[in-house]
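These are the residues of each chain, in order.
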Amino acid sequence: MSGNKNLTRAQFDEVMVPNYAPSAVIPVKGEGSRVWDQEGKEFIDFAGGIAVNCLGHCHPALTGALQEQGNKLWHLANVMTNEPALELATRLTSSTFAEKVYFANSGAEANEAALKLARRYALDKFGAEKDQIIAFDKAFHGRTFFTVSVGGQAAYSDGFGPKPQSITHLPFNDVAALEAAISDNTCAIMLEPLQGEGGIIDADPEFLKAVRSLADKHNALVIFDEVQTGVGRTGELFAYMSTDVVPDILTSAKALGGGFPIAAMLTTTEIAKHLKIGTHGSTYGGNPLACAVGNAVLEVVNNEETLAGVKQREQMFRDGLTKINDKYDVFSEVRGKGLLIGAVLNSKFEGRARDFLVASVGEGLMSLIAGANVVRFTPSLVIPEADIKEGLERFERAVAKVVAG
Ligand SMILES: Cc1ncc(COP(=O)(O)O)c(C=O)c1O
């Protein structure tokens, strides 16, 4: 299983825009939670493409769905609908609060649609003054100019000229700050129920309740960005399901296609009707190939056995990381929910998450970071126990190397 040796990492710097700095490893094949690079070196995958490969690599249900649809119908213009899209929208509405679905191709696009819908809804119902979007520090909502401006890291949105206006950023989980900032001019509050890129930071239940009640008081919409937390990641189909709060708009992407690009914005009929014919759209959104894969993903993920399995695997990760920490004293905390796990480095290793990631690659383990201080794991939701065990052994060796300097 060797790759094409004529294609090298060095070429990346020659032919690719330099917005990424990929590692030297070029994976060429994946199966379940194992991946092999051009040299045939094997890795255990605790990264899952950042919460995307929810069923690992080349899951037979997904390759089967892709092949079957690939031999039937790939694409249609949006002047016609298609069967896989209708099936997927029905699956999503029948398993959530939502009554209507808009399909897109990425998390950023689904969030862009959510924000535009919220603005349009407020404009139609309450007038032009009601345009304020409240969002939170460290939030990540994508890289289109609107979504990156709503995201809570100015470093990502600065340097591109004038930004979309009327966006207020507040500290996450701060009810008093929210009370002070919200008004009848607020059109929407957007948040991740568990911040991913920001460092695996859970929303407090009391904060979520305040978000909902203050939004209701001021006729603002609540948008949950479940791009990273959705589709079984936290052990529920969507993370909101284990809270007391139901959003007005929810976005999903990443795991929805298990590696095939697809995203969805979910909402109610009452809100959806404000995106009238011609107000928004996408060439590929609702593409039959992507929706066929999405249906196969939900078929496997949205059942009790898979979701219960996520919680069991979470426990294995927590136990394993605690043992490693007992031995090497590197983490101050292991946090997160389901298989969205953050191991927070203690003060001795502050800012060195990347060192752990690099050492892990050396030991044959793919992991992630969430900011400079958190090692993140978002493996397949069905990763075999044996792979968790062996992956944690590899991680322990990586930790030992970092500790030894
Ligand atoms: C919570 C959240 N929202 C949005 C996005 C953007 O998704 P995409 O990269 O598919 O545009 C991400 C990606 O990491 C995310 O974690």
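About the criteria used
Residues numbered from 1 in each chain as written. Predicted model: local features only at pLDDT ≥ 70, side-chain atom pairs only at ≥ 80, totals over all residues. Heavy atoms only, no water. Buried < 20%, exposed > 50% of the residue type's maximum accessible area, 1.4 Å probe, protein only. Helix = DSSP H or I, 4+ residues; strand = E, 2+ residues; numbered from the N terminus. Arc of directions from axis to C-beta. Contact = heavy atoms within 4.5 Å. Axes fitted to C-alpha atoms, helices over the stretch in contact; angles between N-to-C directions. Parallel < 35°, antiparallel > 145°, perpendicular 65-115°, else oblique. Left-handed = near helix turned anticlockwise from the far one by under 90°. Nonpolar A, V, L, I, M, F, W, Y, C, P; charged D, E, K, R; others polar. Pairing = 2+ DSSP bridges. Near = heavy atom within 4 Å. Polar contact = N/O pair within 3.5 Å; in protein donor to acceptor, adjacent residues only side chain to side chain. Areas by Shrake-Rupley, 256 points an atom, 1.4 Å probe, with all protein chains shown as cover. Expected span 1.5 Å × (residues − 1).

Undergrad: In this structure, what is going on with helix H13 (residues 353–362)? I would like to understand it.
TA: Helical periodicity: at 3.6 residues per turn, an α-helix aligns residues three or four positions apart in one direction. Burial in H13 covers these residues: Ala 353, Phe 356, Leu 357, Ala 359 and Ser 360. For H13, the angular spread of buried residues about the axis comes to 165 degrees, placing them on one side. Exposed residues pointing more than 90 degrees away from the buried face of H13 are listed as Arg 354 and Val 358. Buried residues in H13 make contact with strand S14 (340–345), strand S15 (365–366), strand S16 (368–369), strand S17 (374–377) and helix H14 (385–404). The positive-phi residue at the C-terminal boundary of H13 is Gly 364, with phi of around 85 degrees.

Undergrad: What am I meant to see in the packing of H13 against H14 here?
TA: Interaxial distance between H13 and H14 falls to 8 Å at its minimum, and their mutual angle equals 125 degrees. With respect to H14, the axis of H13 lies oblique. At the point where H13 passes H14, the crossing takes the right-handed sense. On H14, the residues that touch Asp 355, Phe 356, Ala 359 and Ser 360 of H13 are Phe 395, Ala 398, Val 399 and Val 402. Looking at the contact of H13 with H14, its residues break down into six nonpolar, one polar and one charged.

Undergrad: Is there a simple way to explain the environment of Ala 108 in this structure?
TA: As for its position among the elements, Ala 108 is in helix H5 (residues 107–126). Take Ala 108: its relative accessible area is 14%, and that puts it in the buried class. Along the backbone, Ala 108 and Gly 3 are 105 residues apart, and their C-alpha atoms lie at a distance of 32 Å. Residues in contact with Ala 108, not counting those within four places in the same chain, are His 141, Gly 142, Arg 143, Thr 144 and Thr 147.

Undergrad: I would appreciate a short explanation of the sheet that holds strand S4 (residues 100–104) in the present structure.
TA: The strands making up a sheet associate through hydrogen bonds between their backbones, and the pairing can be parallel or antiparallel. Taken in spatial order, the seven strands of this open sheet run S4-S12-S11-S10-S7-S5-S6, and their pairing is mixed. Bordering the open sheet on either side are S4 and strand S6 (167–170), each of which pairs with just one other strand. Strand-to-strand twist in this sheet, taken as the mean axis angle between neighbours without regard to direction, amounts to 20 degrees. Of the pairings in the sheet, the one linking strand S7 (residues 186–191) to strand S10 (residues 221–225) comprises four bridges and is parallel in character. By the bridge assignment for S10, Ala 188 is matched with Leu 221. Of the strands in this sheet, S4 and strand S12 (263–267) touch helix H4 (residues 83–95), which is tilted by about 125 degrees from S4. Along the sheet, helix H9 (residues 205–217) makes contact with strand S5 (132–136), S7 and S10, crossing S7 at roughly 160 degrees.

Undergrad: I'm lost on the site of the ligand in this one. Help?
TA: Of all residues adjacent to the ligand, which total 13 residues, the nearest are Gly 107, Ala 108, Asp 225, Gln 228 and Lys 254. Here Gly 107 contributes a backbone N or O atom positioned 2.8 Å from an oxygen atom of the ligand. Separating an oxygen atom of the ligand from a backbone N or O atom of Ala 108 is a distance of 2.8 Å. Considered on its own, the ligand offers 390 Å² of accessible surface; in the complex 82% of this is hidden by protein. Of the residues contributing to the shell around the ligand, the split by class is three nonpolar, six polar and four charged.

Undergrad: Where do I start with the sheet that holds S15 in this structure?
TA: Strand order in this open sheet of four strands is S1-S2-S3-S15, and the pairing throughout is mixed. Each edge of the sheet is formed by a strand with only one pairing partner; in this case those strands are strand S1 (27–31) and S15. Here two bridges tie strand S3 (residues 42–45) to S15, and the two strands are oriented parallel to one another. In the sheet register, Ile 44 faces S15, and the bridge partner there is Leu 365.

Undergrad: Explanation requested: H4 in the structure shown.
TA: When the terminal C-alpha atoms of H4 are compared, their 18 Å separation across 13 residues agrees well with the 18 Å that a helix rising 1.5 Å per residue should span. Taken together, the buried positions of H4 are Pro 84, Ala 85, Leu 88, Ala 89 and Leu 92. The buried residues of H4 all sit within an arc of 130 degrees when viewed along its axis, so they share a single face. Counted as exposed and oriented over 90 degrees from the buried face of H4: Glu 83 and Ser 94.

Undergrad: Which parts of the structure should I look at to understand the pairing of S10?
TA: Regular strands place side chains that alternate from one sheet face to the opposite one. Here S10 lies mainly inside the structure; five of its five residues are buried. The side-chain alternation of S10 yields two buried faces, one formed by Leu 221, Ile 223 and Asp 225 and the other by Val 222 and Phe 224. Across three bridges, the pairing between S10 and strand S11 (residues 249–252) is parallel. Bridging across to S11, Asp 225 finds its partner in Thr 251.

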